[in-house]
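# Residue-level structure breakdown
If you want the building blocks of each chain, they are given just below.
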Amino acid sequence: MKKKDLLVLVAVVVTIAVGALPALAATYYVKNGGNDAASGLSDAAAWATVYRVNSQTFSPGDTICFKAGDTWRLPTEQAGGMQLTTDSGSAGVYVTYTSYGDDPNMPLFLGSLEKNSTSDWTNTGGNKWATANGSFIRDVGNLIFNNEQFCGSKEWNLADLNVQGEFWYDSVNQKLVLYSTSNPATYYSDIECAVKKHIINFANRNYVIIENLYLRYTGAHGIWGESASYIKIRDNDLSYIGGSQQSGTTRYGNGIELWNSVNNIWVERNRIWEAYDNAMTNQSGSWAVFSQYNLYFRYNIIWNTGVPYVYFTQNASTTVNNIYVENNVIVNTGYGWSYPENNKAWALKFWSKMGIVSNFYVRNNIIYESRDWCLSMDNPQPGKIMFNYNCWYKASKGMIYYGGANYTMAQFANYQSATGQDASSIAANPVFVDLAGGNYRLQDSSPCIDTALNTGQTEDFDYNPIIPAGSPDMGAFEWTLASDFDHNGAVDFLDYALFGGAWRTTPADSDYDDAYDLVDNDSIDYDDLGNFTNDWLWSAGN
C-alpha cells in the first residue's frame, strides 16, 4: 500500500471512531437573576428560566442544575403555564435534573400564581371578589392561604359561594371568584392559587434522573409521565399537589403518576405530603393494551395525603408485572387539606380492574393510621399481588378491606388466616421517634426493628447503610443505637473518633452536630460521654 493511501485510510478510521463517541457531557446552571442569553455553562453564566431550559436540546450525560434556595414560579413564565419538560438520555447515560449550591433548601418550583395585591380583586357584590378576566386561563385547583395555615374550598357554581374561603373558577371568563367578607388581599396575608398544570413532565422520555427538587402548589400532578422508561425520581419533596377539575365535579392531582406504558422506573426517597389524590401511583387507561413492568416505589415518606398509593388498569389485557412497593412509611392518610372534599382515604388502594398482573410485591412498609382503610383491595390476586413483612396500625374501626371482608386491627390474625396474606407482617404501633414532629425513625422499642425481609437494599432513606447483621427494619429508616454514629452496626473506635471530634461543642459553634448530643442538653459533654460509654462495643449481631 502506498504511504499516501495509508494516511488516507488512517484518517478515515480516526474520523469514524471519533464520530462514534458520545458528545462530551455538559453541566448547565440555572438561578434567579441569571441570563437566558448566556451560555448556562457556569454559575456566572447561568440561565434564569425554566423556559430557557425547555428550549435547549440536551444530550445524554448532560446535567441541568438549579440553584438551591432559588424559586421558579412556573405560571408566570409563559401564557398558559410553564412546566419543566425533560429530555432523554441513552442506554445507561442519563440526563439529570438536580440542584447545586450550599443553601440547605432545595430549588423550589411553584405551580401557582400569587394574588396578594388589593388591585388583584374586584368586589362583584355579595362578598364575591373576582380576579380580572383572563387572569387564569387554566382551572384553579386549590387556594393556599397564609403560608399553608389553611386552604380554600372549591365550588362548582357561583351561587354556591356563601362561606369565607369558598372559590369558583369561571372557565368562560377565565377568572377566579372568591367569597370573602373583605378584600381577600387584606383578609389573608398570602394567597397562592394552584393552577392546573403538571410541574414536571417526562412523557415519551427515557434515561432521565429527577432529583433534589421541591415541587409545590399545583392543581394537577407534581411529576407525570407515560410511554417512558429508565426514569429515576429520587430525593424530591412534593406538597400541596392537585385539586383541579378532571371532569364534571371530579377532581384530581397526584404527587407522582406513572401512566399507561412505563417500565424500569425508580421512585425512591421522596417526601410527599398534602396531595389531593394519590401520592404515588401506576395506572393506565382503557383505550389500548398497555404494559407496565419493573417499577420500584421504595423508601418514600408520605403523610396527610388522600391516597398514598394506588394501582389500577382499565384494560383487562394490560400486563403489569415486577412491581415493588416496599420500605415506605405512610402516615395519617386522609388527614390533609383535601378531606372531606376528597373522601377517599385509603392508605393503599387496589381497584377492581387489575389487568394481567404478576410478581407484584407490597412489603416492608409501615402504614400508620387512616381515616378509612389502611388497605382496600377490591379484587384480590392471591399469588400475584402479595403482601408481607408490613407493619399495620389503626387504633379504631376497620383497618383492612380485602375482597369484601372487613378486618379491624384486633382481627388481623383472622385476616392473615383467611387470605394467606401478610403472614410475616405485624399489627402494632411502630413507635416512631416523634410522630407529631414528623420524625418517622424508629425508637429502640419499635417492633419494626429486625423484622423486615432482606431484599438486597443497601441504604435507607438517609443513605445510611442497611446493617448486615440480622434482618433489616420495616419502613424507610434503618435503626441503630444513637452512639453508632457511622451506622455500621457497632459502637467502636470509629464512633469514638467521631465523638471526640465533636467534644465540648455547643450550638454556638459552627462544627456542632446534635447527633452527638446523646442526652439532648445542647452540649457535647461528660453526660454524653457517659451514654456513649454505656453503649461501648455494642454490636447489632449480639
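No experiment lies behind these values; they were computed from the predicted model shown. (Residues numbered from 1 in each chain as written. Predicted model: local features only at pLDDT ≥ 70, side-chain atom pairs only at ≥ 80, totals over all residues. Heavy atoms only, no water.)

### Section: the overall build of the protein chain
We apply this condition: Counting from the N terminus, the helices are the DSSP runs of H or I reaching at least four residues and the strands are the DSSP runs of E reaching at least two. Radius of gyration here is computed from C-alpha atoms only, and the compact-globule reference equals 2.2 Å multiplied by the residue count raised to the power 0.38. Exposure is judged per residue with a 1.4 Å probe applied to protein chains only, and the accessible area is read against the type maximum: over 50% gives exposed, under 20% gives buried, and values in between give partly exposed. What makes two residues a contact is simply this: any of their non-hydrogen atoms within 4.5 Å. Only the protein chains shown count as cover for residues, and the accessible areas themselves come from Shrake-Rupley with a 1.4 Å probe. His is not counted, nor are the chain ends, whereas Lys and Arg count as positive and Asp and Glu as negative. Lysine's charge is taken at NZ, arginine's at CZ, aspartate's at CG and glutamate's at CD.
Within the protein chain, the regular secondary structure consists of six helices and 41 strands. Taken over the C-alpha trace, the protein chain has a radius of gyration of 26 Å; the compact-globule value for 542 residues is 24 Å, and the two agree within 12%. When each of the 542 residues of the protein chain is scored for burial, the buried share is 53%. When contacts within the protein chain are restricted to residue pairs at least 6 apart in sequence, long-range pairs at least 24 apart make up 68% of them. As displayed, the protein chain offers around 22500 Å² of accessible surface, 49% of which is attributable to carbon and sulfur atoms. Taken as two groups, the 32 positive and 56 negative side-chain charges of the protein chain have centres that lie 14 Å from each other.

### So, the side chain of Asp495
Just so we agree on the cut-off: By definition, a salt bridge exists where a carboxyl oxygen of Asp or Glu is found within 4 Å of a side-chain nitrogen of Lys or Arg. Under the rule applied, a polar contact is a pair of N or O atoms within 3.5 Å (in protein, one hydrogen donor and one hydrogen acceptor; residues adjacent in sequence only if both atoms are side-chain atoms).
Within the secondary structure, Asp495 is located in helix H5 (residues 493-502). No salt bridge is formed by the buried Asp495; the nearest opposite charge belongs to Arg441, separated by 15 Å. Of the polar contacts made by the side chain of Asp495, one reaches the backbone nitrogen of Asp492; its length is 3.0 Å. Sequence-distant contacts of Asp495, that is, excluding residues within four places in its chain, are made with Ser483, Asp484, Phe485, Asp486, Asn488, Ala490 and Phe532.

### Some details on the sheet that holds strand E10 (residues 140-145)
Our working rule: For two strands to be treated as a pair, DSSP must find at least two bridges joining them.
An order of E7-E15-E10-E11 is seen for the four strands of this open sheet, with the pairing classed as antiparallel. The open sheet terminates on both sides in strands that have one partner only, identified here as strand E7 (112-114) and strand E11 (150-151). Here E10 pairs with strand E15 (residues 191-195) via five bridges, running antiparallel. In the strand pairing of E15, Leu143 is matched with Cys193.

### Here we look at the packing of aromatic side chains
We describe a pair of aromatic rings using the distance from one ring centre to the other and the angle between the two ring planes. Note the following rule: The criterion for an aromatic pair is that two Phe, Tyr or Trp rings (for Trp, the six-membered ring) have centres within 6.5 Å, with stacked assigned to planes under 30 degrees apart, edge-to-face to planes over 60 apart and tilted to the rest. As a reminder, the over-ring test applies to NZ of lysine and CZ of arginine, requiring each to be within 6 Å of the ring centre and within 35 degrees of the ring normal.
Inspection of every chain in the model, using the stated rule, returns 50 aromatic pairs. Between Phe350 and Phe360, the ring centres sit 5.6 Å apart and the planes meet at 65 degrees, which makes this aromatic pair edge-to-face. Remark: Phe360 occurs in strand E32 (residues 356-363) and Phe350 occurs in strand E31 (residues 348-350); sequence separation between them is 10 residues. Owing to a relative accessible area of 0%, Phe350 belongs among the buried residues under this scheme. An aromatic cluster of three or more residues is present, and its members are Phe485, Phe493, Tyr496, Phe499, Trp503, Tyr516, Tyr526, Phe532 and Trp536. The side chain of Arg269 reaches across the aromatic face of Tyr463, ending 4.3 Å from its centre. A cation sits over an aromatic face here: Lys349 above Trp351, 4.4 Å from the ring centre.

### Describing the pattern of salt bridges
By the definition in use, this model includes 14 salt bridges. Across the pair Arg73 and Glu192 runs a salt bridge, and its minimum N-O distance is 2.7 Å. Residue Arg73 is found in strand E3 (residues 71-73), and its partner Glu192 is found in strand E15; the two are separated by 119 residues along the sequence.

### Some words on the sheet that holds strand E9 (residues 128-130)
Pairing in this open sheet of five strands is mixed, and the strands run E8-E9-E14-E13-E12 from one edge to the other. This sheet does not close on itself; its edge strands, each paired only once, are strand E8 (122-123) and strand E12 (153-155). Here E9 pairs with strand E14 (residues 175-179) via three bridges, running antiparallel. When the sheet's bridge partners are listed, Trp129 is paired in E14 with Leu178.

### Re unusual backbone geometry
Cis geometry is adopted by the peptide bond preceding Pro340, which originates at Tyr339 and carries an omega value of 10 degrees. Relative to the helices and strands, Pro340 resides in the loop between strand E30 (329-333) and E31. Phi is positive for Tyr207, close to 55 degrees, though the residue is something other than glycine. By secondary structure assignment, the location of Tyr207 is in strand E17 (residues 206-211). One non-glycine residue, Asp522, adopts positive backbone phi at about 60 degrees.

### Brief notes about the environment of Leu498
Among the structural elements, Leu498 can be located in helix H5. A C-alpha to C-alpha distance of 39 Å links Leu498 and Tyr240, two positions 258 residues apart in sequence. Among residues more than four places away in sequence, those in contact with Leu498 are Phe485, Asp486 and Tyr516.

### Regarding H5
Test applied: Working note: the arc is built from the helix axis to C-beta atom directions.
For H5, the set of buried residues is Asp495, Phe499 and Ala502. Across the axial projection of H5, the buried residues extend over an arc of 55 degrees, all falling on one side. In H5, the exposed residues that point more than 90 degrees away from the buried face are Phe493, Leu494, Ala497 and Gly501. In this structure, the buried residues of H5 make contact with helix H6 (526-535).

### Looking at a nonpolar patch on the surface
Stated formally: To count toward a patch, a residue needs a relative accessible area above 30% and no salt bridge. Like charges then connect within 9 Å, nonpolar side chains (Val, Leu, Ile, Met, Phe, Trp, Tyr) within 5 Å.
Taken together, the side chains of Phe493, Tyr496, Trp536 and Leu537 define a hydrophobic patch exposed on the protein surface, amounting to about 480 Å² of accessible area. By relative accessible area, which is 30% here, Trp536 ends up partly exposed.

### A word on the confidence of the model for the protein chain
Rules: Scored from 0 to 100, pLDDT reflects the predictor's confidence in each residue.
Taken residue by residue, the protein chain gives an average pLDDT of 93. The fraction at 70 or more is 95%. Long-range and interchain partners of residues 1-21, a stretch whose pLDDT sits below 50, account for two contacts in this model, where long-range means more than four residues apart.

### Quick look at the nonpolar core
Our working rule: Joining through side-chain atoms within 4.5 Å is the link that ties buried Ala, Val, Leu, Ile, Met, Phe, Trp, Tyr and Cys residues into a set, and such a set is a nonpolar core.
Counting residues in hydrophobic clusters, the biggest one holds 67 residues, and the most contacted among them are Phe66, Tyr309, Phe350, Phe360, Leu375, Phe387 and Trp392. Per-element tally for this core: the top contributor is strand E23 (residues 256-268), with five residues. Listed in part, the 41 residues of the second largest apolar core include Leu110, Ile301, Tyr440 and Leu518.

### Topic: a negative patch on the surface
On the surface, Asp513, Asp514, Asp520 and Asp522 cluster together into a patch of negative charge. Along the chain, the position of Asp514 falls in the loop between H5 and H6.

### Digging into the pairing of strand E2 (residues 63-67)
Note the following rule: For crossovers, right-handed means that the path from the first strand over the helix to the second runs clockwise, given strands pointing away from the viewer.
Counting buried positions over the five residues of E2 gives four, a clear majority of the element. Taken together, strand E1 (residues 27-30), helix H2 (residues 50-55) and E2 constitute a β-α-β crossover, and its handedness is right-handed. The pairing of E2 with strand E5 (residues 95-100) spans five bridges and is classified as parallel. Of the residues in E5, the one forming a bridge with Cys65 is Thr98.

### Description of the environment of Gln174
One can find Gln174 in the loop between strand E13 (166-170) and E14. Counting along the chain gives 40 residues from Gln174 to Gly134, while the straight-line C-alpha distance between them is 4.7 Å. Those residues in contact with Gln174, other than ones at most four positions away along the chain, are Ala132, Asn133, Gly134, Ser135, Phe136, Ile137 and Tyr169.

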